[in-house]
Amino acid sequence: MDNLIGKCHSLSYAFASEDESIDKPAGNYEQNTKYKLKYKRLRRTLKNLVFENAALCDEVAKTQEKSIRAKEERRFLLKKLMHLQTLNEATTQLTTKQSNGGGSSVSNCIGSVPPNMSLTMSANASRVQLNETNSSDANKGKRKVAGLLKKTSKEILVRPGSGLTNSSKRKRSNVVAKRLVEPIPLDSTGRPIFPIVLQGLTVHSLGEIVPDRAGFHSEECIYPVGYCCTRVYASTRNPELRCLYTCKISDDGQRPKFEIAAEDDSEHPIVGSTPTECHSTLLKAVNAAWGRKVVDTSGRGAKFFGLTHSTVQNLIQSCLGARKCATYKWARFEVCKSEQPLDTAHSLSDNDSTTNFEALQRILHLSAVATVATTTTTSTLLPGMTSFGLTTISTLSGYQVPDVKPSDLRNLLANTTSSLM
């Protein structure tokens, strides 16, 4: 009996252990499914947050772009407003001068005299005597007095030490003459569209101004780092051929580095610490290629780089940091209208043989003609060219070159060759 009771206890214990073993895996499965649901929920939430963050970043970028565009438009409108104000002031001054200068009566002349000015009367004014008894003599006397008053109104002298000066002359002396600039195409934000094609010059980049270093600007020019332009000039291998030169400005520490690279010899650029140094080296190479001095080698580097061109200088002045250049002298510019002439300094740029290819070719043709003409008598030369030789042809390498037609050169060569034969 005791054995049966023990067996029953052992069987009940075995069944209980099996039930426990079955219940444990069921609990783990439920926990795993619960964690999986939480994981999927967190993953979905994170994905939504990532997309929301990306959308917010796009909105921030668009807002920044709008703010930058608004600043550029504000700056452009301010410039336009200042320009219109100056034009309005000029027109009002002209109208006031015309209205003030129109009156010619004696009373206006006397009324315009300030109280602290002295009238210098001539000696004849004291000798005028009016005969009041005779009406005709009185009228004559009045006419004489009126004439004397007109003369004395022109002889107004300013007292010394009064501090009064002619305001119109002072304003004229202080006002700097405006230089005209060519109109260039602009984009919707008011920025120039590159490349900018000017007279004999193409600007590809304005670069960035370095105002905290004194070597990157002077009184006349600003040298922005990254500035790049191209210009056509005579080749250093054959001066009669055209060559495209690329002018660049780069950062070389405390001073800028200027570079002129020829298209036919790009591996050996001309490098210097100033633009004039590079330009002078280029002109010496042109003279060496021709075999004699046909152009002045002193150099005009700032003009060859286009830094003194009114349009380029105006654009560089408008860049960020130009106001911080301490030694640079600010220049005033005005957009050229269709009926207004361009700046005389650049309208005569075609006659500058140091920067213009056509002007240099005229000098080279004259040099070739002079070489032939030195072997003939002076009677075969053109009028005004009696002493025209190799010594005088070198003096034609200045900045103003006369316009010589090719037909005149052909006639001169024909005359000289016929006289030799």
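Residues numbered from 1 in each chain as written. Predicted model: local features only at pLDDT ≥ 70, side-chain atom pairs only at ≥ 80, totals over all residues. Heavy atoms only, no water.

## Things to note about the overall build of the chain
Secondary structure summary: the chain contains 12 helices and 10 strands in total. Looking at the chain as a whole, 28% of its 421 residues qualify as buried. Counted over contacts in the chain with a minimum sequence separation of 6, partners at least 24 positions apart contribute 60%. Carbon together with sulfur atoms contributes 56% to the accessible area of the chain, which is approximately 28,100 Å² in total. (Helix = DSSP H or I, 4+ residues; strand = E, 2+ residues; numbered from the N terminus. Buried < 20%, exposed > 50% of the residue type's maximum accessible area, 1.4 Å probe, protein only. Contact = heavy atoms within 4.5 Å. Areas by Shrake-Rupley, 256 points an atom, 1.4 Å probe, with all protein chains shown as cover.)

## Topic: the packing of aromatic side chains
Counted according to the given criterion, the structure contains five aromatic pairs. Geometrically, the ring pair formed by Phe258 and Phe305 is edge-to-face, given 5.7 Å between the ring centres and 85° between the ring planes. Separated by 47 residues along the polypeptide, Phe258 in strand β8 (residues 255-262) and Phe305 in the loop between α7 (301-304) and α8 (310-317) bring together distant segments of the chain. This pair shows no difference in class: Phe258 is buried, exactly as Phe305 is. Aromatic side chains Tyr328 and Trp330 sit 6.1 Å apart centroid to centroid with 75° between the ring planes, which places their arrangement in the edge-to-face category. For Tyr328, a relative accessible area of 8% puts it in the buried group. Linked through ring pairs, Tyr223, Phe258 and Phe305 together constitute an aromatic cluster. When the ring centre of Phe304 is taken as reference, the NZ or CZ atom of Arg231 above it lies at 5.3 Å. (Phe/Tyr/Trp six-rings, centres within 6.5 Å; stacked < 30°, edge-to-face > 60°. Lys NZ or Arg CZ within 6 Å of the ring centre and 35° of its normal.)

## Describing helix α6 (residues 275-290)
For α6, with 16 residues, the first-to-last C-alpha span of 23 Å sits near the 22 Å given by 1.5 Å per residue. Within α6, burial applies to Pro275, Cys278, His279, Ser280, Leu282, Leu283, Val286 and Asn287. Following α6 by one or two positions, Gly291 has its phi on the positive side, about 100°. (Expected span 1.5 Å × (residues − 1).)

## Quick notes on the sheet that holds β8
Strand order across the open sheet formed by six strands is β4-β5-β6-β7-β8-β9, with antiparallel pairing between neighbours. On the outer flanks of this sheet lie β4 (196-198) and β9 (265-272), each paired with one strand and no other. Taken pair by pair, the neighbouring strands of this sheet meet at an average axis angle of 25°, ignoring direction. Where β4 and strand β5 (residues 201-205) come together, three bridges link them in antiparallel fashion. Following the sheet pairing, Val197 is matched in β5 by Thr202. (Pairing = 2+ DSSP bridges. Axes fitted to C-alpha atoms, helices over the stretch in contact; angles between N-to-C directions.)

## Focus on a positive patch on the surface
On the surface, Lys34, Lys36, Lys38, Lys40, Arg41, Arg43, Arg44 and Lys47 cluster together into a positively charged patch. Structurally, Lys47 is set in helix α1 (residues 2-101). (Patch = residues over 30% accessible without salt bridge, like charges linked within 9 Å, V, L, I, M, F, W, Y side chains within 5 Å. Salt bridge = Lys/Arg side-chain N within 4 Å of Asp/Glu carboxyl O. Lys, Arg positive; Asp, Glu negative; His and termini not counted. Charge placed at Lys NZ, Arg CZ, Asp CG, Glu CD.)

## Details of the pairing of β9
Here β8 runs beside β9; their pairing, made up of four bridges, is antiparallel. The partner of Ile260 across the bridge, within β9, is Ile270. In textbook terms, the turn of a hairpin is the stretch between consecutive antiparallel strands, and for β8 and β9 this stretch comprises two residues.

## Here we look at the pattern of salt bridges
This model, assessed by the stated rule, comprises eight salt bridges. Between Glu358 and Arg242 there is a salt bridge, with the nearest N and O atoms lying 2.7 Å from each other. Linking Glu358 in helix α10 (residues 357-373) with Arg242 in strand β7 (residues 242-252), this pair joins segments that are 116 residues apart in sequence. Assessed through its relative accessible area of 34%, Glu358 is described here as partly exposed. Residue Arg300 is joined to Asp352 by a salt bridge in which the shortest nitrogen-to-oxygen separation is 2.8 Å. In this pair, Arg300 is assigned in the loop between α6 and α7 and Asp352 in the loop between α9 (344-347) and α10, connecting sequence segments 52 residues apart. The class of Arg300 is partly exposed, set by a relative accessible area of 29%.

## A look at unusual backbone geometry
With an omega of 0°, the peptide bond between Phe194 and Pro195 qualifies as cis. Structurally, Pro195 is set in the loop between β3 (179-181) and β4.

## Some remarks on the side chain of Gln313
In this structure, Gln313 sits in helix α8. Once residues lying within four places of it in the same chain are set aside, the contact partners of Gln313 are Arg179, Glu220, Leu307, Thr308, Tyr328, Ala331 and Phe333.

## A closer look at the nonpolar core
Of all hydrophobic cores here, the largest spans 42 residues; its most connected members are Val203, Tyr233, Tyr245, Ile260 and Leu307. Every residue in contact with Leu307, bar those within four places of it in the chain, is listed here: Cys221, Ile222, Tyr223, Tyr227, Ile249, Ala302, Gln313 and Ile316. (Core = buried A, V, L, I, M, F, W, Y, C linked by side-chain atoms within 4.5 Å.)

## Thoughts on the confidence of the model for the chain
This prediction gives the chain a mean pLDDT of 74; 60% of its residues lie at or above 70. Across residues 152-174, confidence stays below pLDDT 50; counting only partners more than four residues off in sequence or on other chains, it has 22 contacts. Counting contacts from residues 377-401, a segment whose pLDDT is below 50, to residues more than four positions away or on other chains yields 48 contacts. (pLDDT = per-residue confidence, 0-100.)

## Here's the deal with the pairing of β8
As defined by bridge partners, β7 adjoins β8 across eight bridges and the pair is classed as antiparallel. When the bridges of β8 are listed, Tyr245 appears paired with Ala262. Two successive antiparallel strands, β7 and β8, enclose a turn made up of two residues, where Gly253 displays a positive phi of approximately 90°.

## Quick look at the environment of Phe304
Along the polypeptide, Phe304 turns up in helix α7. Using a relative accessible area of 0% as the deciding quantity, one classes Phe304 as buried. Along the primary structure Phe304 and Ile260 are separated by 44 residues, whereas in three dimensions their C-alpha atoms are 9.8 Å apart. In this view, Phe304 contacts Leu201, Arg231, Tyr233, Tyr245, Cys247, Ile260, His279, Leu282, Thr354 and Thr355; residues no more than four positions away in its chain are not counted.

## Remarks on α8
Most of α8 sits inside the fold, with seven of its eight residues counted as buried. Considered for burial, the residues of α8 that qualify are Ser310, Thr311, Val312, Gln313, Leu315, Ile316 and Gln317.

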